[in-house]
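The chain contents come next:
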Amino acid sequence: MRRRILRSIVLATVTVLLISLALILGVLYGYTTNVTKAQLKEESELTVRGVEEGGIRYLKRVGLAQTRITWIAADGSVRFDNREADPSGMENHLNRQEVQEALQFGSGTDDRFSATLLERCHYIATRLSDGSVLRLSVSQYSILSLLLGMIQPVLLILAFALILSFVLAGRLARAVVKPLNELNLDDPVKNQEYDELSPLLHRIGNQEEALHQQSAELERKQNELESILENMTEGMILLGKQGNIILINAAAGRLLGADRHCIGRDILMVSRNISLQAAISKALGGRKESCKLALRDGMYQLNATPIRYQGHMQGVAVLLFDITIKEQAEEFRREFTGNVSHELRTPLHAISGYAELLKNGLVKQEDVRSFADQIYGETQRMIQLVEDIISLSHLDEGASDMAWEEIDLLEAAKLSVSRLKGIAETAGITITASGDSARIYGIPGLIQTLLTNLADNAVKYNRSGGRAELTVRKQEDGVLLTVTDTGIGIPKEEQQRIFERFYRVDKSHSKAVGGTGLGLSIVKHIAMIHGGRPDVSSTLNEGTKISVLFPTPEDAKKAHETPPQLLQLL
Ligand code: ADP
């Protein structure tokens, strides 16, 4: 910009200078021409008067150095010329324009350039009384000769003007450009230097503000997207069409063991998982692909979808969903179904066997009752099993349809004891319920089931003469239920497994006492629904203590509001 301003100023200066010179020269030349002509006219009038009176003698006396005087006879021959000693040798002047005009009108003038154009002659001719013509002429430098004569000083002036204009234009350009260079474009409206720039600066200011707003909005969206991606539990990867990683969120990075530096690298170099590689290769080939992957400590569902834009493959979007819980639940369900089938098959086979023998009359009359007892016993076990399964599936669904209320745990324990008293007495076992009257918040039916299952086990796995005690204690952190017996006890290594579904320490003993292997898993389930967890301590052949710490009614209400996850309960 500086250079442009400089060039323009220098060009303008030189142009103005040249035009001014030409104009001044023209005006001066015109002026001097007029002066010369006026002088010539005056001299002519004086000379005419002198010649009329003194004739040629006068002419010979006149000493006009600058002016040429020619006296021409009426026929055009030259009588006298102050520049020629012998005028007779001069050519005839009759055809000269000023002479012609003088002969015709009394006076005439003409201007003529010399052959070299360097001089211009002004002529004035006057007809005398004798018919002859007196002509005076004076020569003047032509504009061209003036120019040629002045060329040196003009060039010098031009050079000086050029240098001066360069210096001044440089300063001027700097002075003009400096405020522009110093414009504060961060806050354009505040610049006051040039009023002419104000609309532009306002516009820049508005645009800048719009840009700021747009970039803030973009940044907000980017942050939003990033935080969504980073906090997603699902893994997400975006790949370019060559399989290079464009984006990978924290969850996917963790699963593949990739850090932030993996951006730009080939996914196949980052993860060596064969199934992942195969799925991505297919997706890069344009096919949507899904598969299950074992990654780290879980199972994941991989969905690889090709991304196309206007029909052209752009890359692949990979999503990794954690299906560990689902897989475990499915596995658990498979196992459970297998166990249920097995548990049902055994009594059904027994019933079918007994019935067949009875049908074919192969049972002696005195044994029929015992066979009927067996069939009754097996069906009772099956009924119990089916009831337990129904209870469990109801619990699996969260028992959300059941009403919660405050329950006196000691009262509930006493109720269970009273129900079992008869069975206990038959087995020679003393069963009691004692302790503090303490309230818990829960589902009465389920709490009763929990108490009955624990008390039932304390009787079932006891010895004649033994004791089964249900104790309720109020504690700071809740209400502690303890069911203690003096029975057969549980080996240390099996204590944690007794809460598993269908797990029995001694299968035949459990069956003999009418167990289904589901009682304690129902207990655990109910305890967890109520925000508690059963705890076991047992010594083989001495006895078992199973305790459940129930939360205070206030805490239990919270636990009720946020039902536990399926897996936690399994
Ligand atoms: P079951 O219907 O067989 O009693 P449970 O789930 O109630 O099933 O108990 C699982 C297993 O734990 C029982 O089969 C038994 O071997 C053991 N068990 C439970 N309670 C006691 C106890 N109080 N004393 C000794 N063993 C017990």
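What counts, and where the lines are drawn
What you see as residue numbers is a count from 1 along each chain, following the sequence as written. In keeping with the predicted nature of the model, local features appear solely for residues at pLDDT of at least 70, side-chain atom pairs appear and are counted solely at 80 or more, and the whole-chain, interface and lining totals rest on all residues. Note that water and hydrogens are dropped before the side-chain values are worked out from all heavy atoms of the structure. Definition used for salt bridges: Asp or Glu carboxyl oxygen within 4 Å of a side-chain nitrogen of Lys or Arg. Under the DSSP-based scheme used, a helix requires at least four consecutive residues in state H or I and a strand at least two consecutive residues in state E, with every element numbered from the N terminus. The near set for a molecule or strand comprises every residue that places at least one heavy atom within 4 Å of it. Two N or O atoms count as a polar contact when they lie within 3.5 Å, although within protein this holds only if one can serve as hydrogen donor and the other as acceptor, and sequence-adjacent residues are included solely when both atoms are side-chain atoms. Shrake-Rupley sampling with a 1.4 Å probe provides the accessible areas, and residues are treated as covered by the protein chains on show and by no other component. For this analysis, a nonpolar core means a set of buried residues of the types Ala, Val, Leu, Ile, Met, Phe, Trp, Tyr and Cys, connected via side-chain atoms within 4.5 Å. Whether a residue is buried, partly exposed or exposed follows from its accessible area with a 1.4 Å probe, protein chains only, as a fraction of its type maximum: under 20%, in between, or over 50%, in that order. Residue ranges assigned to the domains are those given by an automatic or database domain assignment. The contact criterion used throughout is that any non-hydrogen atoms of two residues lie within 4.5 Å. Two strands qualify as a pair provided that DSSP identifies no fewer than 2 bridges between them. To define axes, lines are fitted to C-alpha atoms, for helices over the stretch in contact only, and angles between the resulting N-to-C directions are given on a 0 to 180 degree scale. For patches, a residue must show more than 30% relative accessible area and have no salt bridge; joins then use 9 Å for like charges and 5 Å for nonpolar side chains, namely Val, Leu, Ile, Met, Phe, Trp and Tyr. Think of it this way: Lys and Arg go in the positive column, Asp and Glu in the negative one, and His and the chain ends go nowhere. Charge positions come from single atoms, namely NZ of Lys, CZ of Arg, CG of Asp or CD of Glu.

### Re the pattern of salt bridges
The final tally for this structure, using the stated rule, is 25 salt bridges. A salt bridge links Lys221 to Glu217; the nearest nitrogen and oxygen atoms lie 3.7 Å apart. Highlighted residues: Lys221 and Glu217, both in helix α4 (residues 198-231), separated by four residues, approximately one helical turn. A salt bridge links Glu406 to Lys557; the shortest N-O distance between them is 3.8 Å. In this pair, Glu406 is assigned in strand β11 (residues 405-408) and Lys557 in helix α14 (residues 553-561), connecting sequence segments 151 residues apart.

### A few points about the site of the ligand
Near the ligand, the surroundings consist of 20 residues, among which Asn457, Tyr461, Ser510, Thr516 and Leu520 are the closest. In the model, an oxygen atom of the ligand is placed 3.2 Å from a nitrogen or oxygen of the Lys460 side chain. Between the ligand and Tyr461, the relevant distance is 2.6 Å, taken from an oxygen atom to a side-chain nitrogen or oxygen of the residue. Its free accessible area being 520 Å², the ligand has 97% of it covered by the protein chains. Elements with a minimum of two residues in the shell around the ligand: α11 (444-460) and α13 (519-529).

### Focus on the nonpolar core
Counting 53 residues, the largest nonpolar core has Leu409, Ile431, Leu450, Leu451, Leu454, Leu470 and Leu481 as its most contacted members. The biggest single contributor to this core is α11, with eight residues. In this structure, this core is formed jointly by two domains, domain 2 (327-396) and domain 3 (400-561), each of which donates at least three residues. With sequence-adjacent residues up to four places away left out, Leu450 is seen in contact with Leu481, Val523, Ile526, Ala527 and Phe550. By size, the runner-up hydrophobic cluster in this structure holds 25 residues, among which are Ile248, Leu255, Ile280 and Leu302.

### What to know about the sheet that holds strand β17 (residues 543-550)
The strand order across the open sheet built from five strands is β12-β14-β15-β17-β16, with neighbouring strands paired in mixed fashion. Edge positions in the open sheet fall to β12 (430-435) and β16 (534-539), since each of these has one partner strand only. Averaged over all neighbouring strand pairs, the angle between strand axes comes to 15 degrees, with direction disregarded. Here strand β14 (residues 467-475) runs beside strand β15 (residues 478-485); their pairing, made up of eight bridges, is antiparallel. Bridge pairing in β15 places Arg473 opposite Leu480.

### Considerations on a nonpolar patch on the surface
A cluster of nonpolar side chains, namely Leu162, Ile163, Phe166 and Val167, defines an oily patch on the protein surface of about 360 Å² accessible area. Along the chain, the position of Ile163 falls in helix α3 (residues 143-181).

### A closer look at a positive patch on the surface
Residues Arg2, Arg3, Arg4, Arg7, Arg171 and Arg174 make up a contiguous surface patch of positive charge. At the level of elements, α1 (2-61) and α3 are the ones that each hand at least two residues to the positive patch. Looking at the positive patch element by element, the count peaks at four residues for α1. Inspection of the secondary structure puts Arg2 in helix α1. By relative accessible area, which is 42% here, Arg2 ends up partly exposed.

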